[in-house]
Amino acid sequence: MRGIKRTHGSSSTKKHAIQPEELCAMYHHLDMSNPFDVVWWAAALTAFFLMLRKDNVTVAKADAFNFNSNLSRGDFAMEPSSTNVVAMWVSIRHSKTNQFSEYVHYVPLIPITGSYMCPVSAVTKALVVAKHKKPKDPAFCYPSPPKSSNFVALTHPTFVTKLKSLASKVGLNPDKVSGHSFRRGGATFAFGLTQNHSLIKICGGLA
């Protein structure tokens, strides 16, 4: 059997591409007085709107933070534009096309004023959760247990477990979603907004 798999390859099932309306539905099952939910939501919106992989917004395990591949607090910076729209610029040092962190890829998170889908507002609230942390600490940290002084970084398993739980609550098959669902969903959403596919590839770190 192994020889057959090596010869013909194994079949893979594409994960569901999460859509904005599904994210909205998930939000209503979050408790935004819970620091973990605040941080999870910020990581989810960042992954969706910037078409990131879960490796960018989470760590493999709590003590495995890598400054070069995982987002840090200092990677988020507010900067006003010529149109008076305050964008949050994100510095990304690692991707499949930049595996050795040879350059920094800068992409903006654009505010959606007055909406709980606003990634800038979500990230700002998440950073406040661990406001005592330093710029080179993990971007998405929360107290564990709640109200304790022990802060941990959001891990891959914790991030995906929460996603699957929310997926089942909004009528999605939890087996069909994964951390990659945000990247696929963000790209699908972006392709529906513009015909400039080159721009999408650049924003998603594919060019």
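This text follows the structure it describes.
Residues numbered from 1 in each chain as written. Predicted model: local features only at pLDDT ≥ 70, side-chain atom pairs only at ≥ 80, totals over all residues. Heavy atoms only, no water.

A.B. asks: In this structure, what is going on with the packing of aromatic side chains? I would like to understand it.
C.D. replies: When we look at a pair of aromatic rings, we describe it by the centre distance and by the angle of the planes. Counted according to the given criterion, the structure contains nine aromatic pairs. With a centroid separation of 5.6 Å and an interplanar angle of 35 degrees, the aromatic rings of Trp40 and Phe159 are classed as tilted. Highlighted residues: Trp40 in helix α3 (residues 35-49) and Phe159 in helix α6 (residues 156-169), separated in sequence by 119 residues. Between Phe48 and Phe49, the ring centres sit 5.1 Å apart and the planes meet at 85 degrees, which makes this aromatic pair edge-to-face. On the accessibility criterion, Phe48 (1% relative accessible area) is buried. What links up through ring pairs into an aromatic cluster is the set Tyr27, Trp41 and Tyr116. Its end group placed over the ring of Phe67, Arg93 keeps NZ or CZ at 3.9 Å from the ring centre. Between Lys136 and the ring centre of Phe67, over which it is positioned, the NZ or CZ distance is 5.1 Å. (Phe/Tyr/Trp six-rings, centres within 6.5 Å; stacked < 30°, edge-to-face > 60°. Helix = DSSP H or I, 4+ residues; strand = E, 2+ residues; numbered from the N terminus. Buried < 20%, exposed > 50% of the residue type's maximum accessible area, 1.4 Å probe, protein only. Lys NZ or Arg CZ within 6 Å of the ring centre and 35° of its normal.)

A.B. asks: Even after reading the chapter, I still don't get the environment of Thr124, so can you show me in this structure?
C.D. replies: When you line up the elements, Thr124 lands in helix α5 (residues 119-129). Note on Thr124: relative accessible area 37%, which makes it partly exposed. Separated by 86 residues in the primary sequence, Thr124 and Val38 have C-alpha atoms spaced 10.0 Å apart.

A.B. asks: Any chance you could explain the pattern of salt bridges here in plain terms?
C.D. replies: Two side chains bearing opposite charge may form a pair once their charged atoms approach each other closely. Here the structure, examined in full by the defined rule, presents two salt bridges. One salt bridge connects Asp37 with Lys162, and the closest N-O pair in it is separated by 3.2 Å. With Asp37 in helix α3 and Lys162 in helix α6, this pair connects stretches of sequence that are 125 residues apart. In this structure Lys162 comes out as buried when scored by relative accessible area, which is 17%. The salt bridge partner of Asp75 is Arg93, with a shortest N-O separation of 2.5 Å. (Salt bridge = Lys/Arg side-chain N within 4 Å of Asp/Glu carboxyl O.)

Function-wise, these values are silent; they only describe arrangement.
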